[in-house]
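Listed below are the residues making up each chain.
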Amino acid sequence: MPQTRSTAAQRELAVHRHLMRFGDSETLATPMWEQRGTTVAVIETQLGRLWGAAESATTDDASRLRETGLPSARTSVLNLIVTVVDSATADRVVHAMMSLGIHHPSRAIVLVADHLATGDALDARISTHCHVVPTSPDERICYEEVVLTVRGEAAEHLSGVVAPILIHDLPTSVWWPGDPPFRSPVFDQLIDVSDRLIVDSSDFGDLLAGMRRLTTLRELLGIGDLAWQRLSGWQERIAQFFDAPRFRRYLPNLNRMVIRYAAPTGHGRKRRRSDTDAVAPDVAAPMAEAILLAGWIASRLDWRRHRTVTPLADGGFRLELEGHYEMVDLRIEPEHTDELVPGELTSVRLRARGETGAAEFIIDRNRDEATVATNSDGMTALLRQITMETPREAELLSAQLGGRHRDPVYDAALHAAVVFLAAARSAEAAGPEPIVAPAAVQELGG
Amino acid sequence: MAHATPITLPPVLPEPATVAPGDGARHLANPLREGLRLERIPEPCTMIICGATGDLTQRKLGPALYNLMLGGFLPPEFTVVGFARRDLSDDDFRDHLRNGIDAYSRNRPAKRSIWESFSGGIHYHRGEFHDPASYEAMAKLLDRIDRDRGTAGNRLFYLAVPPVLYPEIVKQLGAAGLSADGERRVDGKRGWVRVIVEKPFGYDLASARKLNREIRESFGEDQIYRIDHYLGKETVQNLAVFRFGNGLFEPIWNRRYIDSVQITVAETVGVEGRGEFYDQTGALRDIVQNHALQLMSMFAMEPPVEFAASDLRDEKLKVLRAVHPMALADVARNTIRGQYVSGWVEGQKMRSYRDEPEVDPESLTETYVAIKLAIDSWRWAGVPFYLRTGKGMPTRVTEIAVQFRRAPLALFARTGASQIDPNILAIRIQPDEGILLRFGAKVPGQGLQIRSVNMDFRYGSSFAVDSPDAYETLLLDAMIGDPSLFTRDDEVERAWEILDPILRAWHEDQGGPLHFYAAGSWGPPAADDMLERDRRAWRRP
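Because the structure is a prediction, the values reported are computed rather than measured.

Q: When you look at the overall build of chain B in this model, what are you seeing that I'm missing?
A: Looking only at helices and strands, chain B has 14 helices and 17 strands in total. Its C-alpha radius of gyration of 26 Å places chain B within 12% of the 24 Å reference for a compact globule of 541 residues. Principal-axis analysis of the C-alpha atoms places the extent of chain B at approximately 90 × 75 × 45 Å. Counting every position in chain B, which comprises 541 residues, the buried fraction comes to 44%. Pairs at least 24 apart in sequence give 76% of the contacts found in chain B among residues at least 6 apart.

Q: Help me out: how do you make sense of the nonpolar core in this one?
A: Looking at soluble globular proteins, one finds that nonpolar side chains tend to be buried together. Of all hydrophobic cores here, the largest spans 130 residues; its most connected members are B:Ile49, B:Cys50, B:Tyr158, B:Leu159, B:Ile196, B:Val288 and B:Met296. No other element matches the 12 residues that helix H8 (residues 275-300) of chain B contributes to this core. Counting only domains with at least three residues in this core, you end up with domain 1 (38-198) and domain 2 (232-533) of chain B. If near-sequence neighbours (up to four positions away) are discounted, B:Met296 is found in contact with B:Ile263, B:Val319, B:Phe385 and B:Leu387. Counting 121 residues, the second-largest nonpolar core is a separate cluster that includes A:Ala244, A:Ala290, A:Val372 and A:Ala427.

Q: I'm lost on the environment of A:Glu326 in this one. Help?
A: All names here are of chain A. Inspection of the secondary structure puts glutamate 326 in the loop between strand S11 (317-322) and strand S12 (327-336). Counting along the chain gives 112 residues from glutamate 326 to leucine 214, while the straight-line C-alpha distance between them is 31 Å. Non-local contacts of glutamate 326, meaning those with residues more than four positions away in its chain, are made with Asn253, Leu254, Asn255 and Arg353.

Q: Teacher, can you tell me more about the sheet that holds strand S3 (residues 122-126) of chain B here?
A: Through backbone hydrogen bonds, the strands of a sheet pair up, either in parallel or in antiparallel fashion. All names here are of chain B. Taken in spatial order, the 6 strands make up an open sheet running S3-S2-S1-S4-S5-S6, and their pairing is parallel. Two strands in the sheet have a free side with no partner beyond their single neighbour: S3 and strand S6 (224-227). On average, adjacent strands in this sheet sit at an angle of 20° to one another, irrespective of strand direction. Where strand S1 (residues 46-50) and strand S2 (residues 79-84) come together, 5 bridges link them in parallel fashion. If you follow methionine 47 over to S2, its bridge partner there is valine 80.

Q: When you look at the domain arrangement of chain B in this model, what are you seeing that I'm missing?
A: All names here are of chain B. What the domain assignment reports for chain B is domain 1 (38-198) and domain 2 (232-533). Here domain 1 and domain 2 have C-alpha centroids that lie 34 Å from each other. Between domain 1 and domain 2, the contact holds 15 residues from the first and 11 residues from the second. Elements represented by at least two residues in the side of domain 1 that touches domain 2 include exactly helix H1 (55-70) and strand S5 (193-198). Looking at which element gives the most residues to the side of domain 1 that touches domain 2, the answer is H1, with 6 residues. In the side of domain 1 that touches domain 2, the residues fall into 10 nonpolar, 1 polar and 4 charged.

Q: Help me understand the confidence of the model for chain A, please; the structure alone is not making it clear to me.
A: For any part of a model where pLDDT is low, the fine detail of the predicted coordinates should not be relied upon. Residue and element names in this part refer to chain A. For chain A, the average pLDDT comes to 79, and 75% of its residues sit at 70 or higher. Per-element mean pLDDT across chain A ranges from 44 in helix H4 (residues 60-68) up to 95 in helix H12 (residues 288-300). Long-range and interchain partners of residues 17-26, a stretch whose pLDDT sits below 50, account for 17 contacts in this model, where long-range means more than four residues apart. With pLDDT under 50 throughout, residues 54-73 is counted as low confidence; its partners more than four residues away or in other chains account for 26 contacts.

Q: Even after reading the chapter, I still don't get the packing of H1(B) against helix H2 (residues 90-104) of chain B, so can you show me in this structure?
A: When two helices pack together, their arrangement is captured by the angle between the axes and the distance separating the axes. Residues and elements named next belong to chain B. Where H1 meets H2, the axes come as close as 8 Å, and the angle between the chain directions of the two elements is 90°. Classified by the angle between their axes, H1 and H2 sit roughly perpendicular to one another. Contact residues: Gln58, Arg59, Gly62, Pro63 and Tyr66 in H1; His96, Leu97, Asn99, Gly100, Ile101 and Tyr104 in H2.

Q: What's the story with the sheet that holds strand S15 (residues 434-442) of chain B in this structure? I'm lost.
A: Residue and element names in this part refer to chain B. If you walk across this open sheet you meet the 9 strands as S16-S15-S14-S13-S7-S12-S11-S8-S17, and the pairing is mixed. Of all strands in the sheet, those with a lone pairing partner are strand S16 (450-458) and strand S17 (514-518), marking the two edges. Within this sheet the neighbouring strands show an average axis-to-axis angle of 20°, counted without direction. For S15 and S16, the ladder comprises 9 bridges, and the chain directions are antiparallel. Across the sheet, glycine 440 pairs through a bridge with serine 452, a residue of S16. On the sheet, H8 packs against strand S7 (258-266), strand S11 (368-374), strand S12 (384-390) and strand S13 (397-404) and is oriented at approximately 140° with respect to S12.

Q: Explain helix H8 (residues 207-217) of chain A to me, please; I cannot follow it from the model alone.
A: Residues separated by three or four positions in an α-helix point in the same direction, a consequence of the helix having 3.6 residues per turn. Residues and elements named next belong to chain A. The set of residues buried in H8 consists of Leu207, Gly210, Met211 and Leu214. Projected down its long axis, H8 carries its buried residues within an arc of 95°, all on one side. The secondary structure elements touched by the buried residues of H8 are strand S8 (222-225), H12 and helix H14 (408-430).

Q: How should the packing of H8(B) against helix H13 (residues 489-507) of chain B be read in this particular structure?
A: All names here are of chain B. It is at 10 Å that the axes of H8 and H13 come closest, and there the two elements cross at 145°. Seen along the crossing, H8 lies across H13 with a hand that is right-handed. Contacts between H8 and H13 involve Leu284, Val288, Gln289 and Leu293 on the former and, on the latter, Ala495, Trp496, Leu499, Ile502 and Leu503. In terms of residue class, the contact of H8 with H13 is built from 8 nonpolar, 1 polar and no charged.

So, how was this worked out
- Residues numbered from 1 in each chain as written.
- Chains lettered and ligands numbered in written order.
- Predicted model: local features only at pLDDT ≥ 70, side-chain atom pairs only at ≥ 80, totals over all residues.
- Helix = DSSP H or I, 4+ residues; strand = E, 2+ residues; numbered from the N terminus.
- Rg over C-alpha atoms; globule rule 2.2 N^0.38 Å.
- Buried ≥ 20, exposed ≤ 12 C-beta atoms within 10 Å, placed from the backbone.
- Contact = placed C-beta atoms within 7 Å.
- Core = buried A, V, L, I, M, F, W, Y, C linked by C-beta atoms within 7 Å.
- Domains from an automatic or database assignment.
- Pairing = 2+ DSSP bridges.
- Axes fitted to C-alpha atoms, helices over the stretch in contact; angles between N-to-C directions.
- Nonpolar A, V, L, I, M, F, W, Y, C, P; charged D, E, K, R; others polar.
- pLDDT = per-residue confidence, 0-100.
- Parallel < 35°, antiparallel > 145°, perpendicular 65-115°, else oblique.
- Arc of directions from axis to C-beta.
- Left-handed = near helix turned anticlockwise from the far one by under 90°.

Here it is as structure tokens:
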């Protein structure tokens, strides 16, 4: 063990101490190990004797742990690699995982890669965390966290650094917060050692290019998208409208869908994700969630083709689609508000033609609450207030880690979203007049 | 507008999928549900709890419904009607449920916003169970709820009352026209009607048959959901995944590799205020007839053709049919019954069973039972199944332990390691749900010493996911119309056929004596002797 700890390590320890308090949910299970200018072989050895060390060490951390009972055997579920651009982001990742008790990974490797930096090629910090399972206090979930800083040329060969320290034979996910460098060789290397890529499409610098890349990457590995996960509450609520048979018959007759998403007002305090502990605080592509939701409904309901695109003010647009029996008027529009993080949906309104009139299905969100309403053909109008909280990033991540490897529903929604976006782009280029979208982007589904 | 080229229309769309009543589990009628976390959502319905002021409602049903609501598993139209004798208002009943949630729910206390939308759909109906007028009034109330809340005539009755009341309630429901569902209904409505019946299903074969007959006078078998909450537990469902989702285990799941199987359902507690009920029931009826035999049939069944209700229950029934009921003369050799006397459990002094309130001071009721059963099938011939259950045991545990055959040759005998312990696979149902595998390993160092080590998989430490309570799973299944995890009439009757000779032998005093054991011990020594005769020993889980 080194005599002195780096500032980052001390910060991490401070977080632990703060969260830990004896018997609380968070415990640092083994003494933190840290070495600068180390090698992969040393890290491997250290990881190999990690849990043994916990039982024999005499430090405070370890003896406390012996009192509370360390698991003598562990069940491993998956590896998680997190790539970040700098050590400040690495701290945020570590903090997010610790404060929320990330559920799934058995070994998390946080990679800080800087190929321009000089100095020691490799610094490593290893700590182990055990969480008490709230529902059964005797159970502990443990994971190991390895924070690696890779500099210089080594940073261009990350898979060689990472591969030896993964737990063998376990599925490996790579989480790339922010805008992933889709074209860089390092990205490809890490994709090669992973089974699943987790991104947040609302962080993409170029939403269309990023989503297009995802549609090809999904041939290679599973894709998790935090923007998609953020929609799950909306999807449940929208699906719920049509669970009752009396409303389900409206589904084929939908003829209008308006999706609004939060965009900053420009004055007033802009809500950043950091308000909710996120690793990437700013939202680069606020339209991502809205367009994925539109893609989801369009692909689920087999809306196959669209005709015209009209750009709307502020980057929104209007598309005409062919639904089952009706033409569908789809609008995606920003709504200026500082109440919500940019990109979050503010409302979804669906309208269908009924036998005697129109039916409307409405979800309007206002901070942590939403109004859900149904009006149809003179039948009972249902109006309810529900809670709709923004899930925290670690919860989104956890859900995406635990999700199914290939998600055909997401794939289809993504495909449709790309078609819509491409159409919207071409409309932007052509000016305010409605245009007929080029034939190549008309096919949906897939 | 730019020049529009003609576009070919897609082929004619398929008709929207229709759902057969009672088969909601496997069909997705709502295309938006595909791939969502909640693929199965029940249709809007009303759940009527008969015996709504009792313990079960407060401890289990209320919290289960609340958690389902919290998880978004129930449609907003979902409505609860409490039906009981006590004079309560709607608000009183809501308070009763809410107190139960605050005290017993796995998510507690109740969240205000969720509770407010949930409680709006909670009603109370006061009435006598034997009075036709209360059912007529209830029918009117349910019709009004259908109209106001859009529950479309779908009704789930839950009999949370002592079993003596089952026949009366189902008869009255039938007479009031409340049991007819679908096209059988005279009022022209097409909703489904189901009834959930709590165990015990009878107290012997004759009474179980009678009860089944009585319920079927009002309800069809496809409407009857006999609840055995053990089947709702995650680990029990995982038993099927463990066997049929892994290529490794099924090939060795037979008499060639398995030496014997032990099923243990141990409780530390005594009768806990249920003295009167328990003294008439005993361990064999209370645990073996349902939980233990269900566990055994899930463990031993052949792979079903499809993982669907009828196939699953057919396979379970086949296991029970392959268990031959004992001849009266064999009961003494293959069963041990015991009753606890005072002792120490978990550091607490526990009084004798006969000193419990409402228990006959000369009671001969068994609080412990150990049985050796044989399944006469190609797969299991010659493999004994040892079932035991008891109160006042040293620990609370439910597990199935498989003992494999020993290695055929004592290869290491010369080197000091004599007989190697057999491999054990233990499937723990509760607490600490998980799977443990024991095998021999060399002790490091010179020489060849072999010691058994455990490889331990725990659900809790692998998936930090809060498992739903068994009642949540089962209530949702019943609302969706998936009876896989409920017991069918023929299963219940077959289980009684297996146990009837034992009950009769005990009753006629031919089944061996009642042994006494100290609370806090693993049952009477006679139970150990029973296994020792077979050169085996009970596990100490």
